[in-house]
Amino acid sequence: MADKIPVDLHGAAATMLTTLYLKALDADFDQPVLGDQYAREAVARIDFDWDALKAPGRWAPLVTVRTAQYDIWARQFLAAHPEATVIHLGCGMDARVFRIDPGPEVAWYDVDQPPVIALRKQVYPDRPGYHLVATLATDPSWLDEIPTDRPVLLLAEGISMYLTEADGVALLQSFVDRFPSGELQIDFYNWLGVKTQKAQRLQRQSGSTLHWAVNSPRDILDKVTGIRLLAAANLFDAETFSRVPPGFRRSSTLARALPPLRGMLQYHRYAFGPVS
């Protein structure tokens, strides 16, 4: 067996280990939400004490419902734009490019902090049209590497809450201003998710801090010019929520009944540029 790959991540970058592990657990379920065998294989290759995360399988839908929903939206975008560019910002160890397996005309950029990109290079293979960009999301210079001659999808899953509102709005606006057309597919925590971060084991374990709370699409539409809303959902409204185990549905009955809890995890999809 090949030597396992060591990992040393801290802060927001470390949260991706829990996310990866929960996807791997989901892949072993009889009826998975995501069924990501790439996550399962990555966990097997990385030298890390996964048990120390204390992340039980029952938590998996908190991650996999979101990821599966964005897989659907990304596929819909690529079906309409088969020669597009995809920028997966804050990609972590997510294997979306391999799950979706886009056509040869798609240029795909996975973007994250240098230690994360270094780990991806060791775990995942290369493929045609696939690019890795090692940078901080808040450094706008990384956008200069992306051509502007085709529709662009910015897919930012699990990153907005670690940005300040000013940095997050500036990032989205710079993206809309640079590219002629495309979509923003991005998730948010609402005020309750940010306010209760000290009670969330994932945040305590990573030592990261949440900053930016978004309570509805209007919060984004009022601050980022030139965009229009295509879809918005929360954990319970997402079409992929129908895949979760019955036990998770039963245990989340209270959360679904209380608006602040129901809207804690939000998935937004916006378009910009000419209406086709």
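Residues numbered from 1 in each chain as written. Predicted model: local features only at pLDDT ≥ 70, side-chain atom pairs only at ≥ 80, totals over all residues. Heavy atoms only, no water.

Going by what an unreviewed UniProt entry lists, the protein chain is known as Class I SAM-dependent methyltransferase and is assigned to [Mycobacterium] holstebronense.

Under the counting rule described, the total for this entry stands at 17 salt bridges. One salt bridge in this structure joins R99 and D71, with 2.8 Å as the shortest N-O distance. Residue R99 is located in helix α4 (residues 96-100), and its partner D71 is located in helix α3 (residues 61-80); the two are separated by 28 residues in the primary sequence. Summarising the burial analysis for this pair, R99 and D71 share the class buried. The closest approach of N and O atoms between K223 and E165, which form a salt bridge, is 3.8 Å. With K223 in the loop between α9 (217-221) and β8 (227-234) and E165 in helix α6 (residues 165-178), this pair connects stretches of sequence that are 58 residues apart. For K223, a relative accessible area of 39% translates into the label partly exposed. E165 gets classed as partly exposed once you look at its relative accessible area, which sits at 37%. (Salt bridge = Lys/Arg side-chain N within 4 Å of Asp/Glu carboxyl O. Helix = DSSP H or I, 4+ residues; strand = E, 2+ residues; numbered from the N terminus. Buried < 20%, exposed > 50% of the residue type's maximum accessible area, 1.4 Å probe, protein only.)

Along the chain, V97 falls in helix α4. Not counting residues up to four positions away in its chain, the partners in contact with V97 are P102, W108, D110, R127 and Y130. (Contact = heavy atoms within 4.5 Å.)

Once that is clear, we can look at the packing of helix α1 (residues 15-27) against helix α2 (residues 37-45). Contact pair α1 / α2: the axes reach a minimum separation of 7 Å and the direction vectors enclose 120 degrees. Judged by the twist between their axes, the crossing of α1 over α2 is left-handed. Contact with α1, carried on its side by L20, Y21, K23, A24 and A27, involves Q37, A39, R40, A42 and V43 of α2 and no other residues of that element. (Axes fitted to C-alpha atoms, helices over the stretch in contact; angles between N-to-C directions. Left-handed = near helix turned anticlockwise from the far one by under 90°.)

Aromatic ring pairs: the centre-centre distance and the angle between the two ring planes describe each pair. Using the criterion set out here, one finds 12 aromatic pairs in the structure. Here the aromatic rings of F236 and F241 are separated by 5.4 Å at their centres, their planes lie at 80 degrees, and the arrangement is edge-to-face. Neither F236 nor F241 differs from the other in exposure class; each is buried. Taken together, the ring pairs connect Y38, F98, Y124 and Y130 into an aromatic cluster. (Phe/Tyr/Trp six-rings, centres within 6.5 Å; stacked < 30°, edge-to-face > 60°.)

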